[in-house]
Structure formats: structure tokens, C-alpha cells
Amino acid sequence: MAFRLIKKSNKSRARLGKLRVAHGTITTPFFMPIATRGAVKTLSSEDVQSLHAQIILSNTYHLWQRPGLPTLRKFKGLHRYMRWSGPILTDSGGYQVFSLAQRRKITERGVRFHSEIDGQPLFLTPEKAIDIQRVIGSDIMMVLDECPAYPTTRGYAQSSMDMTTRWAKRSIAYKKKKRITQQQLFGIVQGSTFADLRLAHAEIMARLPFDGFAIGGLAVGEPQVDMYQMLDVTVPVLPEKKPHYLMGVGKPEQIVEAVKRGVDMFDCVIPTRNARHGLLYVWRTSGVTGRFYDVVHIRQSRYGADPTPIDRRSTAMTSQQYSRAYLRHLFMSGDPLALRLATLQNVSFYLELMRRLRVAIKGGRL
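The structure presented is a predicted model; accordingly, all values stated were derived computationally and were not measured.

Procedures and definitions
- Residues numbered from 1 in each chain as written.
- Predicted model: local features only at pLDDT ≥ 70, side-chain atom pairs only at ≥ 80, totals over all residues.
- Heavy atoms only, no water.
- Helix = DSSP H or I, 4+ residues; strand = E, 2+ residues; numbered from the N terminus.
- Buried < 20%, exposed > 50% of the residue type's maximum accessible area, 1.4 Å probe, protein only.
- Contact = heavy atoms within 4.5 Å.
- Pairing = 2+ DSSP bridges.
- Axes fitted to C-alpha atoms, helices over the stretch in contact; angles between N-to-C directions.
- Expected span 1.5 Å × (residues − 1).
- Phe/Tyr/Trp six-rings, centres within 6.5 Å; stacked < 30°, edge-to-face > 60°.
- Lys NZ or Arg CZ within 6 Å of the ring centre and 35° of its normal.
- Polar contact = N/O pair within 3.5 Å; in protein donor to acceptor, adjacent residues only side chain to side chain.

A few words now on the environment of Pro33. Structurally, Pro33 can be placed in the loop between β4 (30-32) and α1 (45-50). In this structure Pro33 comes out as buried when scored by relative accessible area, which is 1%. When the C-alpha positions of Pro33 and Ser58 are compared, they lie 9.0 Å apart, and in sequence the two are 25 residues distant. In this structure, Pro33 is in contact with Val40, Ala53, Ile55, Ile56, Leu57, Val347 and Leu351, ignoring residues within four places of it in sequence.

Glancing now at the sheet that holds strand β2 (residues 15-21). If you walk across this open sheet you meet the three strands as β1-β2-β3, and the pairing is antiparallel. On the outer flanks of this sheet lie β1 (3-8) and β3 (24-28), each paired with one strand and no other. Across the sheet, the axes of successive neighbouring strands diverge by a mean angle of 15°, strand direction being ignored. As paired elements, β1 and β2 share five bridges and run antiparallel to each other. What sits directly across from Arg4, in β2, is Lys18.

Along any regular strand, the residues point their side chains to alternate faces of the sheet. Burial of strand β8 (residues 111-114) is one-sided: the residues Val111 and Phe113 facing one way are buried, the residues Arg112 and His114 facing the other way are not. In this structure, strand β7 (residues 104-106) lies alongside β8, joined through three bridges in antiparallel fashion. Residue pairing across strands places Arg104 opposite Phe113, the latter belonging to β8. Counting the residues that bridge the hairpin from β7 to β8 gives four residues. Bridging between β8 and strand β9 (residues 121-124) involves four bridges; their strand directions are antiparallel. Looking at β9, one finds that Arg112 is bridged to Phe123.

Owing to its 3.6 residues per turn, the α-helix brings residues three or four apart onto one side. Helix length check: helix α6 (residues 154-177) (24 residues) gives 35 Å between terminal C-alpha atoms against 34 Å at 1.5 Å per residue, within 8%. Turning to α6, its buried residues are Ala157, Ser160, Met161, Met163, Thr164, Thr165, Trp167, Ala168, Ser171, Ile172, Tyr174 and Lys175. Here the buried face of α6 lies against β7, β8, α5 (126-136), β10 (140-142), β11 (184-189) and α7 (195-206).

With that settled, consider the packing of aromatic side chains. In the structure shown here, the tally under the stated rule is 13 aromatic pairs. The interplanar angle of 45° and the centroid separation of 5.7 Å between the aromatic rings of Tyr281 and Tyr293 together place this pair among those described as tilted. With Tyr281 in strand β15 (residues 279-283) and Tyr293 in strand β16 (residues 293-297), this pair connects stretches of sequence that are 12 residues apart. Between Trp283 and Phe292, the aromatic rings sit 6.1 Å apart at their centres with planes inclined by 35°, giving tilted as the arrangement. Directly above the aromatic system of Tyr228 lies the positively charged group of Arg261, at a separation of 4.6 Å from the ring centroid.

This part covers the environment of Arg302. On the secondary structure map, Arg302 appears in the loop between β16 and α11 (317-321). Note on Arg302: relative accessible area 61%, which makes it exposed. For the pair Arg302 and Lys74, spaced 228 residues apart in sequence, the C-alpha separation works out to 51 Å. Looking at Arg302, its side chain comes within polar contact range of the side chain of Gln300, at 2.9 Å. In this structure the side chain of Arg302 is engaged in a polar contact, spanning 3.5 Å, whose partner is the side chain of Tyr303.

With respect to topology, eight strands assemble into an open sheet ordered β4-β14-β13-β12-β11-β10-β6-β5, the strand pairing being parallel. Each of the sheet's edge strands pairs with one partner strand only, and the pair in question is β4 and β5 (56-59). Here the average twist between neighbouring strands, direction ignored, is 25°. Where β10 lies against β11, three bridges are found, and the strand directions are parallel. Paired with Met141 across the two strands is Leu185, which belongs to β11. Against the sheet, α7 touches β11 and β12 (212-215), its axis set at about 160° to β11. Strand contacts of helix α13 (residues 337-362): β4 and β14 (265-267), with the helix running at about 165° to β4, the strand carrying the most contacts.

Structural data, given as C-alpha cells:
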């Protein structure tokens, strides 16, 4: 099987596993740095590799538009194009159904967009999303889904969930028709913050022959307690011997809580986006409980002459070698190096967080 459970915790639903995909084997739980358009912003593929990232995430919708499918075909996929030899997961474009609400129209067949690049009409169907991801060559493909905004009505959440189910079945049928065997396909559970809808959809999706299951439609503005409640409802219903993926989450403490609830996979823009704004995640302790990290606002004047390393506990050598004073100077001077050093720090923090979680599960402490 592609996914193998290694250990289940006796203290929580946390678990260790191995996920085998076309470009390697990944130890779970893990975090995927965001490379939306084929690059983790400000970092090279060599930078990301040096941080020991096991897998990255790219986006179907954006790569479809730029560089476009002809270019990706010429390079035989995204791996060669961006010089990344490890696994890649691609979002289907479902998040853009949510984020580009002013530029799209949802129909039974698919979603009509107007490109934010040149205004040209685009039509994304479940089948088209599979075709694009096939050209990209991602190891894990996501089905096209509809992610409702928060708050939403129960009626809309129900209809959105039903649409996602129909699109999921079309995706499975199309993958089989095209005889795609080297790329895995994950389904997505929706239902907003309605516990009974989440439970019902998880039960429906769990019966479908997906390689893994994602939990979508969270971290879209709902209270944190609602997110945890939806995980408590959803995860126990998902097949134990398939990976569980919480999309778009999140803050470090949210990842810890989700791992304790049985989630194996994560992605989020927080580490890279916040780095570019000068918000750094730095280690406070050697553990993953309590107040284990601080957020450093490096632009603040108090760091102007601070000689301490950016993060002496960081796995990124640059964070041990450069001072907070120097990094603040780079930000205040508008030097692009500031963005790279900050991003290295935050991505390394998130990857180290996952390593610590794996160690804690293995040692029976989580």
C-alpha cells in the first residue's frame, strides 16, 4: 500500500506513517512549503532542499495560466522545470473557487473564471483539473471541489458538499479512463462548520477509492474552536490506512492540535507570507507543548542593535549566523536579502516542528 502506519499514540489520535509516492517516500506527519507558481517565494529549490523539506505544494490554477501547459509539456512536468526532485502535491484550483469569488461562476459542469492576468475566460472542470495536474506531473493530485466561505448558510453548505461529491466521482472515473497510475488522487471533505454535514460527507467520501483524504473548508475565518470540533467529527470517520490532510492550516499550535487529532499532512502560507512582512517564528523551548515559540516582529526598533542570532535553535544555518540587528537593517533598507533570510527561518521552523512532533509520537509523549 502507498501509506503505511508505523505507530499510533496511546495518548491521542496522533500517528506516524510512511507515504510512498512516485518521487519518494515521506514520513508523516509532515508540512508542505507553498510553491504556488513553481517556487517557494524568495527561495531556490536548492534552498528548500537544504532545509530537508520532504514535499512541496504547487497550484494547478496558477500553473495552468503561467507558465502554461505547452511550457510544462516541453519540460516534461514541473519537477524538471523548477529543478525539484522530491514529491509535489498540487491543489486542484478549488481554493481559487473560494478566493476568486468575484471572478468566477460555478455550474454543474465546472467553474468559469476570468483570468486576473489578462481577463481571458477560463473553464475549469473536474476532468480539466486532472488533465492539468497530469501535465504538471505532481505526485498527489487533488480533486476539484467547492470551498464555501465562512459564514455560510446550512443550505449552501449542503449544496456545495453535494457538488463536491459529484465532482469527486467524476474525477475518479476520469482518472481511471485515462489510466493514470503514477499519480495519487485525494478526495476532499467539506461541510463548513455544520457537524452533521461534516460527518455525512466524511462517510460518503470514505467509501470512495481515493488514495488519501483531505479536510477542506477550514481556516477560512471560523473560530478556532469550531475548527477543532470539525476535526473531532471528521477524522475518526476517515479510513485509518489512508493519509489525512488538513488543507491550509495553520499556526504552529493549530498544527500540534490537529496532529493530536489524527492529521498527517499540512500546508499553509503563514510561514512564507509572514516572513515577507518581518514576522519570524523562533524557538522558545526544545518541545512542542505550552508556549514553545515566540513571534519576533523584526522591524521593531528594539532589535536595531540586538547581536543575538535570528534563532540560535534554528536548523537553518543562516539563522544561527546572522544577527537580529542585521536582519532588521536589511528590512529597513528594503534589501531583498531580508525576505530570503526571514523565509529560510520560518520554513525551517515549520519543518523542524514536524520533526519534533514525529519524535514526540515515536517516544510516546504526544
